[in-house]
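Observations on the model geometry
Residues per chain, in single letters:
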Amino acid sequence: MPSPQIIQTGQIVQTLFTPKQVAKAIGVSESSLKRWCDQGVIHMKKTAGGHRRLPIQEVMRFLRESGHSIVDPAVLGLPSLSGQGERVVARSRLMFRDALVSGNEEIARRVLYDLYLSNIPLSQMIDQVFAAAFEDIGNAWECGQIDIFEERRGCQIAQKVLFELTAAIPYGLPNAPLAMGGTCSGDQYTLATICVEHVFRSLGWRATSLGTNIPFESLKLALIRSKPKIFWISASYIEDIDQFREGINSLYDLAESMGTALLLGGRTVDVELRKTLRYTAFADSMQHLEAFAKTQYVSPQPEMPTGESQGNVENE
Ligand code: B12
């Protein structure tokens, strides 16, 4: 079977599959798959030659919303046994934690993909499985049950799987609002700010994590140049509390003057510190982020077809 086609449009990299490949992956006939494409149940692209092609983001959306099981995940480049495993959050947390600590990338990947495919909101998945597993890992490190290398290897695996999941989460429409953010100087925590980007994207926003350890002057320049609707700061570690306070307050003053909302989050921004900061909103979790983001923008739901086929399509 031919390997999937990969195309790049601006920032968006898309892996395209043929109806035959998707049909094989989910165990249905190619003609059914083609009919769903023509009915618009699965949104397709057409090649210059008129051939149907299905972007991975669209296949993942269809699988999430239809609840179709996957019989041959390898065809779609998904971890083995994906779509057949654990879909219960509590058990997934333990499986994900154990996979990260033992360095089992395949299991870690499958746990997150299975949850994603089971249509659990990404924000809930990150709060109750991803971050919760790391809470356990942090406590185990603190009381000497696991070694530093096990925690760090777990971080590497988690980051890799998050970046892979990026390919499955649609990038916001060109006219969707932009959210942007990262961590400030001295804060090396990468996972939370990547998760923030993913949650915004899962809500239909265009979103970019700038990364970690960024001086406030540079964060302000990013804000001026990109004029996002929301600018976020994730704070897991504060090197100098006075510099942090001054930096956040001047970032907020700039954001406010531009009509941008400044969204704060992260374990170190406790109640006492928040009382001394200027910002638009603070969120304890990704689910709080989702609730706030939905007050700023609700992405349009894809048009459902009226049933007639969409233009003539050559046979593959
Ligand atoms: C991984 C990790 C690291 C890694 C991070 C690697 C990486 N690539 O990111 C590194 C190696 C940097 C690290 C270093 C240290 N760490 Co550390 N680390 C952790 C660990 C295990 C996981 C943190 C994490 O990324 N979780 C995953 C993210 C997604 O979840 P989260 O951070 O909980 O965020 C959630 C919310 O806060 C919120 N959120 C967070 N940011 C944002 C932003 C926005 C906009 C919104 C809306 C929401 C939001 O949503 C998230 C999902 O629910 C925690 C344990 C724990 N309890 O979490 C310890 C932990 C935070 N570390 C700890 C310590 C002590 C350290 C060190 C000081 C150790 C040392 N002596 O060197 C250094 C500090 C280094 C530094 N200068 O930054 C302690 C902190 C104790 C304390 N009292 O604060 C913890 C709690 C471990 C422990 N149990 O003792 N660490």
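Structure's up top.
Computed from a predicted structure; not experimentally measured. (Residues numbered from 1 in each chain as written. Predicted model: local features only at pLDDT ≥ 70, side-chain atom pairs only at ≥ 80, totals over all residues. Heavy atoms only, no water.)

Digging into the site of the ligand
The ligand sits among 30 residues. The nearest are Asp127, Tyr189, Thr190, Ser234 and Arg267. At 2.8 Å from an oxygen atom of the ligand is found a side-chain nitrogen or oxygen belonging to Arg267. Broken down by secondary-structure element, the contributors of at least two residues to the shell around the ligand are helix 6 (122–142), helix 7 (148–168), helix 8 (191–202), strand 7 (230–234) and helix 12 (286–296). Ranked by residues supplied to the shell around the ligand, first place goes to helix 6 with eight residues. Partitioning the shell around the ligand into residue classes produces 13 nonpolar, ten polar and seven charged. (Near = heavy atom within 4 Å. Polar contact = N/O pair within 3.5 Å; in protein donor to acceptor, adjacent residues only side chain to side chain. Helix = DSSP H or I, 4+ residues; strand = E, 2+ residues; numbered from the N terminus. Nonpolar A, V, L, I, M, F, W, Y, C, P; charged D, E, K, R; others polar.)

Details of the coordination of the cobalt atom of the ligand
There is one protein donor for the cobalt atom of the ligand, namely Tyr189 (OH), at 2.3 Å. Position of Tyr189 among the secondary structure elements: in the loop between strand 5 (178–184) and helix 8. (Donors = N, O, S within 2.8 Å, 3.2 Å for Na, K, Ca; no water.)

Describing the environment of Val101
On the secondary structure map, Val101 appears in helix 4 (residues 89–102). Judged by relative accessible area, which is 18%, Val101 ranks as buried. Val101 sits 54 residues away from Cys155 along the chain, and the two C-alpha atoms are 9.4 Å apart. Apart from residues lying up to four places away in sequence, Val101 is in contact with Ile137, Ile146, Glu150 and Arg153. (Buried < 20%, exposed > 50% of the residue type's maximum accessible area, 1.4 Å probe, protein only. Contact = heavy atoms within 4.5 Å.)

Points about the sheet that holds strand 9 (residues 281–283)
Pairing is parallel across the open sheet formed by five strands, whose spatial order is 6-5-7-8-9. Edge positions in the open sheet fall to strand 6 (206–214) and strand 9, since each of these has one partner strand only. If you compare each strand with its neighbour and ignore which way they point, the axes differ by 20 degrees on average. As defined by bridge partners, strand 5 adjoins strand 6 across six bridges and the pair is classed as parallel. By the bridge assignment for strand 6, Met180 is matched with Thr208. In this fold helix 8 packs onto strand 5, strand 6, strand 7 and strand 8 (261–265), with an angle of close to 170 degrees to the strand it touches most, strand 6. (Pairing = 2+ DSSP bridges. Axes fitted to C-alpha atoms, helices over the stretch in contact; angles between N-to-C directions.)

What to know about the nonpolar core
Grouped burial of nonpolar side chains is what soluble globular proteins tend to show. Counting residues in hydrophobic clusters, the biggest one holds 72 residues, and the most contacted among them are Leu33, Phe96, Phe130, Phe200, Leu263 and Leu289. For this core, the element with the highest residue contribution is helix 6, accounting for nine residues. Leave out the neighbours within four places in its chain, and Leu263 touches Phe200, Ile230, Phe231, Trp232, Ile233, Ala281, Phe282, Ala283, Leu289 and Phe292. One finds Leu178, Met180, Ile248 and Leu262 within the second-largest nonpolar core, a separate group that totals 23 residues. (Core = buried A, V, L, I, M, F, W, Y, C linked by side-chain atoms within 4.5 Å.)

Digging into the pairing of strand 4 (residues 52–55)
Covered by surrounding structure in strand 4 are Arg52 and Leu54 together with Arg53 and Pro55, the residues of both alternating faces. As paired strands, strand 3 (residues 45–46) and strand 4 are joined by two bridges and run antiparallel to one another. Note that in strand 4 the partner of Lys46 across the bridge is Arg52. Hairpin connection, strand 3 to strand 4: the antiparallel pair is bridged by five residues, and Gly50 has positive phi, about 85 degrees.

Notes on the side chain of Arg109
Positionally, Arg109 belongs in helix 5 (residues 105–117). For Arg109, a relative accessible area of 14% corresponds to the buried category. The contacts of Arg109, once residues within four sequence positions are left out, are Pro79, Val161 and Glu164.

A few points about the packing of helix 3 (residues 56–66) against helix 5
In the contact formed by helix 3 and helix 5, the axes pass within 8 Å of each other and the chain directions differ by 65 degrees. As the angle between them shows, helix 3 and helix 5 are arranged roughly perpendicular. On helix 5, the residues touching Met60, Leu63 and Arg64 of helix 3 are Tyr113, Tyr116 and Leu117. Here the contact of helix 3 with helix 5 is composed, by residue class, of five nonpolar, no polar and one charged. (Parallel < 35°, antiparallel > 145°, perpendicular 65-115°, else oblique.)

Overview of the packing of helix 1 (residues 19–26) against helix 2 (residues 30–39)
Contact geometry for helix 1 and helix 2: axes closest at 8 Å, N-to-C directions at 115 degrees. Two packed elements cross with a definite hand, and for helix 1 against helix 2 that hand is right-handed. Here Pro19, Lys20, Val22, Ala23 and Ile26 of helix 1 lie close against helix 2, whose contacting residues are Glu30, Leu33, Lys34 and Trp36. For the contact of helix 1 with helix 2, a count of residues per class yields six nonpolar, no polar and three charged. (Left-handed = near helix turned anticlockwise from the far one by under 90°.)

Notes on the pattern of salt bridges
Scanning all chains against the criterion turns up 19 salt bridges. Close ionic contact of Arg93 with Asp136 constitutes a salt bridge, the shortest N to O distance being 2.7 Å. Of the two residues, Arg93 is situated in helix 4 and Asp136 in helix 6; the sequence distance between them amounts to 43 residues. By relative accessible area, Arg93 is classed as partly exposed at 28%. In this structure, Glu106 and Arg109 form a salt bridge, with 3.2 Å as the shortest nitrogen-oxygen distance. (Salt bridge = Lys/Arg side-chain N within 4 Å of Asp/Glu carboxyl O.)

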